[in-house]
Amino acid sequence: MSTGNHGMEELIPIVNKLQDAFSQLGSNVPFDLPQIAVVGGQSAGKSSVLENFVGRDFLPRGNGIVTRRPLILQLNHTKAGEWGEFLHAKGKKFTDFNEIRSEIEDETDRMTGGNKGISPIPINLRVYSPHVLNLTLIDLPGLTKVPVGDQPVDIEFQIREMLMQFITKSNCLILAVSPANSDLANSDALKIAKEVDPQGTGGLSVITGQSCLCGTLTCQGRTVF
């Protein structure tokens, strides 16, 4: 696998360390770092898109809002093996990706409780693998309008504000995910992406679903760019 531009390869580990440092301090990075933010409604297929970058199933699944804290996913290309490391569990390597999923769930509940609460404090996960490119991706809570469980009555506003903290940065590429069986004209992900980037120069649209028609190409069970 080609690892791309040499200068960028040297920059990404520095960027990862800066993200970790500011997360530990509980503050936002005061300048823009290159990253890809994945946005979409609940059950739009954001998890499948992210897992395609890694080639592994490792994200929590369920009904309603599953991603309740931002997940900063730092992918690191290496030939030394395949494992994950969490910033909050320093020194521990997760070689079982099912354990990575469980750790994300446990760390989410630790901060938000077990009844669908949300928090803007991110979880930082690094994945090392020979099958990934050096990228920083951010999984954000799905857009929703109706609060459930311990969620605040202004859940829609809070999630929107959380998304804006990430996607309004100049070096953030927005990956707007919409299911193929929805009306794209009413896609919340596309609406918020267009609001932030009216010219469409800093984002990509992804259509997910079991069966979708793209021009004359029918794609079964695949993500379509």
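We now turn to the structure provided with this report. Residue positions are counted from 1 within each chain, in the order its sequence is given. Residues qualify for local features only when their pLDDT is at least 70, as the model is predicted, and side-chain atom pairs are given and counted only at 80 or more; totals for whole chains, interfaces and linings, by contrast, use all residues. Computation of side-chain values: all heavy atoms of the structure, hydrogens and water removed.

### Description of the overall build of the protein chain
Strands are runs of DSSP state E lasting at least 2 residues, helices are runs of H or I lasting at least 4, and numbering of each runs from the N terminus. Across its full length, the protein chain carries five helices and nine strands. The helix and strand sequence of the protein chain, counted from the amino end, reads α-β-α-β-β-α-β-β-α-β-α-β-β-β. Buried means the residue's accessible area, taken with a 1.4 Å probe over protein chains only, is under 20% of the maximum for its type, while exposed means over 50%, and partly exposed covers the values in between. Looking at the protein chain as a whole, 44% of its 225 residues are labelled buried. Pairs at least 24 residues apart make up 71% of the contacts formed inside the protein chain by residues separated by at least 6 positions. Calculation of accessible area relied on Shrake-Rupley with a 1.4 Å probe; when residues are assessed, cover is drawn exclusively from the protein chains displayed. Surface accessibility of the protein chain: about 11,700 Å² in total, with carbon and sulfur atoms responsible for 52%. We call two residues in contact whenever any of their non-hydrogen atoms come within 4.5 Å of each other.

### Considering the packing of helix 4 (residues 155-167) against helix 5 (residues 188-196)
Only the contacting stretch of a helix is used when fitting its axis, a line to C-alpha atoms as for every element, and angles between N-to-C directions run 0 to 180 degrees. Where helix 4 meets helix 5, the axes come as close as 11 Å, and the angle between the chain directions of the two elements is 50°. Judged by the inter-axis angle, helix 4 sits oblique to helix 5. Relative to helix 5, the crossing made by helix 4 is right-handed. Residue-level contacts link Arg160, Leu163, Met164 and Ile167 of helix 4 to Ile192, Glu195 and Val196 of helix 5. By residue class, the composition of the contact of helix 4 with helix 5 is five nonpolar, no polar and two charged. Here is the rule for angles: anything less than 35 degrees is roughly parallel, anything more than 145 is roughly antiparallel, 65 through 115 is roughly perpendicular, and the remaining ranges are oblique. The hand of a helix crossing depends on one turn: near helix anticlockwise from the far one by less than a right angle means left-handed, and clockwise means right-handed. Put simply, Ala, Val, Leu, Ile, Met, Phe, Trp, Tyr, Cys and Pro go in the nonpolar bin, Asp, Glu, Lys and Arg in the charged bin, and everything else, Gly too, in the polar bin.

### Describing helix 5
In an α-helix, one turn spans 3.6 residues, which is why side chains three or four residues apart end up on the same side. Buried within helix 5 are the following residues: Ala189, Ile192 and Ala193. Looking straight down helix 5, one finds that the buried residues subtend no more than 100° of arc, so they occupy a single side. Against the buried residues of helix 5 lie strand 1 (35-40), helix 4 and strand 6 (172-179). The arc under discussion is defined with respect to the helix axis, by the directions toward the C-beta atoms.

### Section: the pairing of strand 2 (residues 71-77)
The buried fraction of strand 2 amounts to seven of the seven residues, a majority that puts the element mostly inside the structure. Neither face of strand 2 is left uncovered, since the one carrying Leu71, Leu73, Leu75 and His77 and the one carrying Ile72, Gln74 and Asn76 both have all their residues buried. With seven bridges joining them, strand 2 and strand 4 (residues 123-129) adopt parallel strand pairing. Bridge pairing links leucine 75 to valine 127 in strand 4. Pairing geometry for strand 2 and strand 5 (residues 135-139), over five bridges, is antiparallel. Residue pairing for strand 5: leucine 71 is matched across the bridge by aspartate 139. Note on pairing: two strands pair once DSSP finds at least 2 bridges between them.

### Here's the deal with the nonpolar core
Membership of the largest hydrophobic core comes to 25 residues, with the highest contact counts inside it found for Phe58, Leu73, Phe86, Ile100, Ile104 and Leu125. Among the secondary structure elements, those contributing two or more residues to this core are strand 1, helix 2 (46-54), strand 2, helix 3 (97-112), strand 4 and strand 6. As used here, the term nonpolar core means buried Ala, Val, Leu, Ile, Met, Phe, Trp, Tyr and Cys residues forming a set that is joined through side-chain atoms within 4.5 Å. If you look at the next biggest cluster of nonpolar residues, it comprises 21 residues, including Ala37, Ile159, Leu163 and Ile174.

### Here's the deal with helix 2
Taken together, the buried positions of helix 2 are occupied by Lys46, Ser47, Val49, Leu50, Glu51 and Val54. Directly after helix 2, the chain includes glycine 55, whose backbone phi takes a positive value near 80°.

### A look at the sheet that holds strand 4
Spatial ordering of the open sheet is given by 3-4-2-5-1-6-7, a layout of seven strands whose pairing is mixed. Unpaired on one side and paired on the other, strand 3 (83-86) and strand 7 (203-208) mark the two borders of the sheet. Averaged over all neighbouring strand pairs, the angle between strand axes comes to 25°, with direction disregarded.

### Observations regarding the packing of aromatic side chains
Here a Phe, Tyr or Trp ring, Trp counted by its six-membered ring, pairs with any other such ring whose centre lies within 6.5 Å, and the pair is stacked when the planes are under 30 degrees apart, edge-to-face when over 60, and tilted otherwise. Counting across every chain of the model gives three aromatic pairs. Relative to tyrosine 128, the ring of tryptophan 83 has its centre 4.8 Å away and its plane inclined at 15°; by these criteria the two rings are stacked. Here tyrosine 128 lies in strand 4 and tryptophan 83 lies in strand 3, a separation of 45 residues in the sequence. The same class applies to tryptophan 83 and to tyrosine 128, which are both buried. A ring pair is formed by phenylalanine 86 and phenylalanine 94, whose centres lie 5.2 Å apart and whose planes are at 85°; its orientation type is edge-to-face. Of the two residues examined, phenylalanine 86 and phenylalanine 94, each falls in the buried class. When the NZ atom of lysine or the CZ atom of arginine is within 6 Å of a ring's centre and also within 35 degrees of its normal, the charge is said to sit over that ring. Cation over ring: lysine 93 sits above tryptophan 83, and NZ or CZ is 4.2 Å from the ring centre.

That is the geometry; function is a separate question.
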